[in-house]
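Results of the structural survey
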Amino acid sequence: MNKSLVYLVRKSFINFFKKLIKKPLKALGMLLLVTYYFFIPFLTKGVITDLGLNTHAGFVLIASIGTLYLTMPLTLTYFKRKGVSFKKQDINFILASPTSPKQALIYALSKEVYINLAMQVMFLMAAVLVFTVPFLTSIIYLLVNIVFSNLLSYSLAVIMYASEEITLKQKQWIKRIVYVVLAMFTVFLMTMVVSQTLESGFDFAYIISVLSSPVVLMIPIFGWQLGWLNLIMLGPTPVRLIATGLFFASAIGLTFYAYRMKVSGEYYEDALSFSENIALLESKKGDISLTEAFGHKKKNYAYKGELKGLKSNVIFHKQFIERRRSKKYFLGWSDFIYLIAGIGLGLTSLFWDGFIVPDYFLEIMVGLSIYLAVFFRPSADWKSEFKNHYLFLMPDSPLNKLFNASLLEHLLTFVRAIFLVVPAGLLMRVSLLEILYAISLNVLLKAMMTYVSILIEAIIGAKIGHTFASIISMVVSVIIMIGPVVALFFTQTLSTFLIFTAISLYAILVLFLFLYLSSINLRNIESLEE
Amino acid sequence: MTTTIAIDKVGKTINRKEIIKDLSLTINEGEVLGLLGPNGAGKTTLIRMIVGLIDITEGQISVCGHDVENEHRDALGNIGAIVENPEMYPFFSGQKNLDYFARMHNGVSKEKIAELVDFVNLTDRINDKVKDYSLGMKQRLGIAQALMNDPKVLILDEPTNGLDPAGMQELRRHIRMLAKEKNVTVIVSSHLLSEIELMCDRIAIIKKGELIAVENVRDEAKQVYHFKVSEPEKAQVLLQEQFDIISQLLEDYLVVELPAELSDVSSLVKAFVNNGIAIYSVEPKNHSLEDRFLHLTAE
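Values in this document were obtained by computation on a predicted structure and should not be read as measured data.

Rules of the game
- Residues numbered from 1 in each chain as written.
- Chains lettered and ligands numbered in written order.
- Predicted model: local features only at pLDDT ≥ 70, side-chain atom pairs only at ≥ 80, totals over all residues.
- Heavy atoms only, no water.
- Patch = residues over 30% accessible without salt bridge, like charges linked within 9 Å, V, L, I, M, F, W, Y side chains within 5 Å.
- Areas by Shrake-Rupley, 256 points an atom, 1.4 Å probe, with all protein chains shown as cover.
- Salt bridge = Lys/Arg side-chain N within 4 Å of Asp/Glu carboxyl O.
- Helix = DSSP H or I, 4+ residues; strand = E, 2+ residues; numbered from the N terminus.
- Buried < 20%, exposed > 50% of the residue type's maximum accessible area, 1.4 Å probe, protein only.
- 1 Å grid on protein atoms, 1.4 Å probe; cavity = no way out; pocket = protein on both sides within 12 Å on 5 of 7 lines; lining within 4 Å.
- Points joined across faces, edges and corners; volume = space filled by probe spheres on them.
- Nonpolar A, V, L, I, M, F, W, Y, C, P; charged D, E, K, R; others polar.

All names here are of chain A. On the surface, Val475, Ile479, Ile482, Val485, Val486, Phe489, Phe490, Leu494, Phe497 and Leu498 cluster together into a nonpolar patch covering about 950 Å² of accessible area. Listing elements by their share of the nonpolar patch, those giving two or more residues are helix 22 (466-480), helix 23 (482-488) and helix 24 (496-520). Examining the composition of the nonpolar patch, we find that 3 residues originate from one element, helix 23, more than from any other. Within the secondary structure layout, valine 485 lies in helix 23. Here valine 485 falls in the partly exposed class, since its relative accessible area comes to 34%.

In this structure the tally under the stated criterion is 17 salt bridges over all chains. With a shortest N-O distance of 2.9 Å, Arg323(A) and Asp335(A) are connected by a salt bridge. With a gap of 12 residues between them, Arg323(A) in helix 16 (residues 313-326) and Asp335(A) in helix 17 (residues 333-351) connect regions that are remote in the sequence. Take Arg323(A): its relative accessible area is 13%, and that puts it in the buried class. For Asp335(A), a relative accessible area of 0% gives the class buried. Two residues, Arg523(A) and Asp55(B), come together in a salt bridge whose shortest N-O distance is 2.7 Å. Residue Arg523(A) is found in the segment after helix 24, and its partner Asp55(B) is found in the loop between helix 1 (43-50) and strand 4 (58-63); the two belong to separate chains. It is possible to trace a salt-bridge network through shared partners that takes in Lys318(A), Glu322(A) and Glu385(A).

Applying the stated criterion across every chain, the model contains 1 cavity of 30 Å³ or more. In this model, the largest cavity occupies a volume close to 90 Å³. Lining the largest cavity are Tyr390(A), Leu393(A), Met394(A), Val51(B), Leu76(B), Ile79(B), Gly80(B), Ala81(B), His105(B), Gln145(B), Ala146(B) and Asn149(B). Within the residue set of the lining of the largest cavity, elements represented by two or more residues are strand 6 (79-82) and helix 5 (135-146) of chain B. Of all the elements, strand 6 of chain B adds the most residues to the lining of the largest cavity, at 3 residues. Of the residues contributing to the lining of the largest cavity, the split by class is 8 nonpolar, 4 polar and no charged.

Given below as structure tokens:
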């Protein structure tokens, strides 16, 4: 590779660690995150063992599903010229310099090397410690993957991203064919599983047998890679040997093809567009919607609502108008999931005896509320208000400004709570009072966690690093929720009204405490500056 | 004269770097002050401290008698400001943006908003979405927004950005009117020295976070002459001893600033001649604001 690019890669690597040394809290947060990442297989060990998948065959099953349903579709995104990280600095310094376009592309791909390596090491650990694969077997698998899998994936990336011979129409056809084949295969697999289950009960062996069948192992490239996996884990068969041979040959062949392929920089325009999207997403510092994260632009609807309210209250009305512009009927598809969940809970209680007992309605609803409040981050709409420095010039208290900036979030929580609680309550035939209690507690608990998150993740996080702050926020959230959880243990011995009152008062106290603490720290623009 | 803004030994440190050092300044009612300085001098930081957008590390700032930190809301109630680029909501029309800001201030009438729209010449485009506005139009809308609450103090950071000459003239005229007729105190930060010269009463020059000069814009009391003489060093000593004038020797001529008590340059000429110093030329120089600024901010 070009010497300057090698220098850039080396320096970036060194600077990354130098930056971490200057920010020890961020370094600690990253270390905790990496440790958590490597512990994921162990977190799932219990479930894997209970399901009887802690074997070589179980490893093959999970790796095969990952390859077919994650790796393959993700690789296809290279056709759309997405999936390669180009930043504005790369456009300015590399693409605008006399560097070979192919080497520039390989440089951009090399940024993912560490993540890929970490993932392969994680698989090694999972194989040895969870799936009881012998250490030597796992090491051989890892080393061969590091060489051949990486050669294959990078050469595919270069070919699919930068090829100037495959036309757009051909790319679209390739994608369609792959998705159709995948869909057909999935239908076939599901049919097999369902019919075998109905005949003689569920067993993962059916799925493993299908995924290890010659039909799958002969799928070009990805199937051949699975052939190698099956060979090393389950032993040799003629099909597996052929598939493995084809895997090695395709890795070498495609690498050679990518090496010889002419790349004149046709992809530069797409790289520029991608870098602009990245810059926009980075400027929002993680406060992005799902559609934005996938590179789609937000669609807006015409809505001619009038502004109402005075002082900080006008913020809420403005957000309401914005919401009506982005969601035609105020609610989005994600809000209706709560309705589906509520109906699902009710129907499960009706048709699945003993699984969901109506006597425990309040406990179930409060338990769900706690889960939703702790594990689902609040929307960042309040933050976008505080990013506009004119908000700080408005003569009203920071508490009013923060409360009104987050009021729409509480309104949406209320609507979602109705969607979740009312159908479940009606189907479970609980009293109206219990339904009202459940809705109120859902809103209060979520509002409480909103301000906890604002104080710790947004305000304190701006000073100590968001990764570390997220971990602290999670810990604090769990501690705060001990109160309501303990209260739930007394629902069978004390009156529901007493439990409801206790949890409500607790939630209101904590809510206002964190609202107050957040607002006094939102005096000026420095509060959210990193 | 009533002091509207009192900046008392103010300092600002960010990441252990002193951005503003021990800065003291008072601005009076009805005065238009120009804030000048090279890029990175600390002008915007000072403005941000005055309006309370950032904390003050040391010292105190009060606006209309209210401490900006401890009586923030009372101080803010007297301020209208454009700090950096006006941040409007792009999907709202200009009218709706003004309506939004008007509601924030609790009591700005529709007539007042219409008056401001007319003043900034946006009547024809006020119902268009702000995302379709040019930079100049957004700037004018920002000025309307800053004037909405009839502030006693108007702070404008680079207000002429994006304005055409007619727009600049209109803004200048209105600022002078606000200051003279309504006694509004105006602070204008700009790089356009010609505009500052026309708009302001006084200038405050900041360099590397320190206030290095506060001067009247039209300082007619000072006149500058360039003398080309046979013995410049002797002439310098003579000027100091006889007239208490400290002159500057630049290349081959003396730069002499006449003090107020000397009505013309003839007494200097006479003194040189009487002391045997030959005079080759005497040239009056208009010491423009740009000259003064560059002289004061030179390294």
